[in-house]
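# Descriptive structure summary
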Amino acid sequence: MSVAAPHPVQIAPPGLSRWAHSATGVDHVQERAGAQPGPEVLVTALVHGNEYSGAMALDAFLRTGLVPRRGRITAAFCNTAAFARFDSGQPDASRFVDEDFNRVWSARSLDSERASQELLRARELRPFVDRATHLLDLHSMHEPCAPLFVTGMLPRNIAFAQALGTPVQAVVDEGHADGVRMRDYGPFGEPAGSRIALLLEAGQHWELSSLHAARNVLMRFLVQAGALDRADVPTGWLLPDALPPPPIHVTHRVVARSMDFEFSQDFRGGETIRRSGTAIASDAGQPVVTPYDDCVLVMPSVRQLRPGVTTVRLGRRQGRVLG
Ligand SMILES: [Zn+2]
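In this report, we go over the structure that sits alongside the text. Positions within a chain are numbered from 1, following the residues in the order the chain's sequence is written. Selection of residues for local features in this predicted model requires a pLDDT of at least 70, selection of side-chain atom pairs for listing and counting requires 80 or more, and totals for whole chains, interfaces and linings are taken over all residues. Excluded from the side-chain calculations are hydrogens and water; all other atoms, namely the structure's heavy atoms, are used.

Turning our eyes to something else, we now look at the coordination of the zinc ion. Note on the zinc ion: its protein donors are His-48 (ND1), Glu-51 (OE), Glu-51 (OE) and His-139 (ND1). The metal-donor distances range over 2.0 to 2.5 Å. Bound by four donor atoms, the zinc ion shows angles of 55 to 149° at the metal and therefore irregular coordination geometry. Considered as a linear motif, the donors of the zinc ion on their single chain read H-x2-E-x87-H. Placement of the pair is Glu-51 in the loop between β2 (36-45) and α1 (53-64) and His-139 in strand β4 (residues 134-141), with a sequence separation of 88 residues. Each member of the pair, Glu-51 together with His-139, is buried. A donor here means any N, O or S atom no more than 2.8 Å from the metal (3.2 Å for Na, K and Ca); water is not included, so a site may seem to lack partners. The geometry test gives tetrahedral to four donors whose angles all lie between 85 and 135 degrees, gives square planar to four donors and octahedral to six donors whose opposite members are over 155 degrees apart with all other angles between 65 and 115, and gives irregular to the rest. Secondary structure elements follow DSSP: runs of H or I no shorter than four residues count as helices, runs of E no shorter than two count as strands, and numbering proceeds from the N terminus. Residue exposure (1.4 Å probe, protein chains only): buried if accessible area is under 20% of the type maximum, exposed if over 50%, otherwise partly exposed.

Moving on: the layout of surface pockets. Size it by volume and the largest pocket reaches roughly 870 Å³. Only protein atoms enter the 1 Å grid used here. Points where a 1.4 Å probe fits but cannot escape make up a cavity, open sets with protein on both sides within 12 Å along at least five of seven lines make up a pocket, and a residue lines them when an atom lies within 4 Å of a point. Lining the largest pocket are 41 residues, and of these Arg-95, Arg-103, His-176, Gln-304 and Arg-313 sit closest to its centre. Residue assignment for the lining of the largest pocket shows that the elements contributing at least two residues are β4, β7 (196-204), β8 (248-255) and β14 (310-317). Counting residues per element, the lining of the largest pocket draws most heavily on β4, which supplies three residues. Looking at the lining of the largest pocket residue by residue, the class counts come to 15 nonpolar, eleven polar and 15 charged. Segment limits for the domains were obtained from an automatic or database-derived domain assignment. Three or more residues apiece are contributed to the lining of the largest pocket by two domains, here domain 1 (17-232) and domain 2 (248-317). Grid points are joined across faces, edges and corners, and a volume is the space filled by probe spheres set on the points. Three categories are distinguished: nonpolar for Ala, Val, Leu, Ile, Met, Phe, Trp, Tyr, Cys and Pro, charged for Asp, Glu, Lys and Arg, and polar for the others, with Gly belonging to the last.

With that out of the way, let us pick up the packing of aromatic side chains. Only Phe, Tyr and Trp rings take part, Trp by its six-membered ring, and two of them pair if their centres are within 6.5 Å. Stacked means planes under 30 degrees apart, edge-to-face means over 60, and tilted covers everything else. All told, the structure shown has eight aromatic pairs when counted by the stated rule. Sitting over the ring of Trp-237, Arg-215 keeps its end group 4.0 Å from the ring centre. Look at NZ for Lys and CZ for Arg. If either is within 6 Å of the ring centre and within 35 degrees of the ring normal, a charge sits over the ring. Of note, Arg-316 hangs over the ring of Tyr-292, and the distance from its end group to the ring centre comes to 3.8 Å.

Okay, here's the thing in structure tokens:
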């Protein structure tokens, strides 16, 4: 197996204590309301405690003092208990306290008697998620990788992502078998609904480029949702307009069966493997092969390797002839 040393920490964790006290009554949740009616935009960061580039973008947004022209913008720093444990010597250790905050977003879990740090926090934040017409959930990735939107399966979210004017790759996937993500919660997942939910994977957790990607997407999302006009965006936030690549539809997840899982190359994600049957990894001595031609690798990582963990997703680029 590969030895996964922590990546260097280029950006220091932000101080968020100024946002702890809140008129909402829920700590680290801040609201900015406009004079006119409009969208209920919720921007979330620190769903995973060690992914703080999104928290830095959200902190910077709040410091601008910007107020929406229309509707309300709610900024929520989610798993602050896990973030408080961040240690640059063990940067992967503060993802969560008891369980993954991004797997508890079903009514069954939220309404249950079960308690964990993450469930208690999710119950506090649930009213803000319930009222949101637009959700942007800011994350980052274990490995250096170009930014991605995780859109879920609904066409309205894919279209919203593709219209933002960023080069961010839309990844269309069904979510996780081991629990429901916030972006798939309740009305966000209803095909007949109109609510928008996007999850941004801004890049590697502690790279400066991830912060720039998060800032760019945050402002563009607020404009496209209708909360701000483009002219309201302060200078220095937006990266140049760009055309997005065609979405990738995830078809398979490769799950490690052993601790002897190893990729055949140093894949970074986004690679297209031309021929079906090409070995991309070995697991317990057996080759792991691509199931079809022009197979795209999404978020390869063995950083949290153990049997049962997803090591890479496989997908097809929309618009290609299916093999
Ligand atoms: Zn995350």
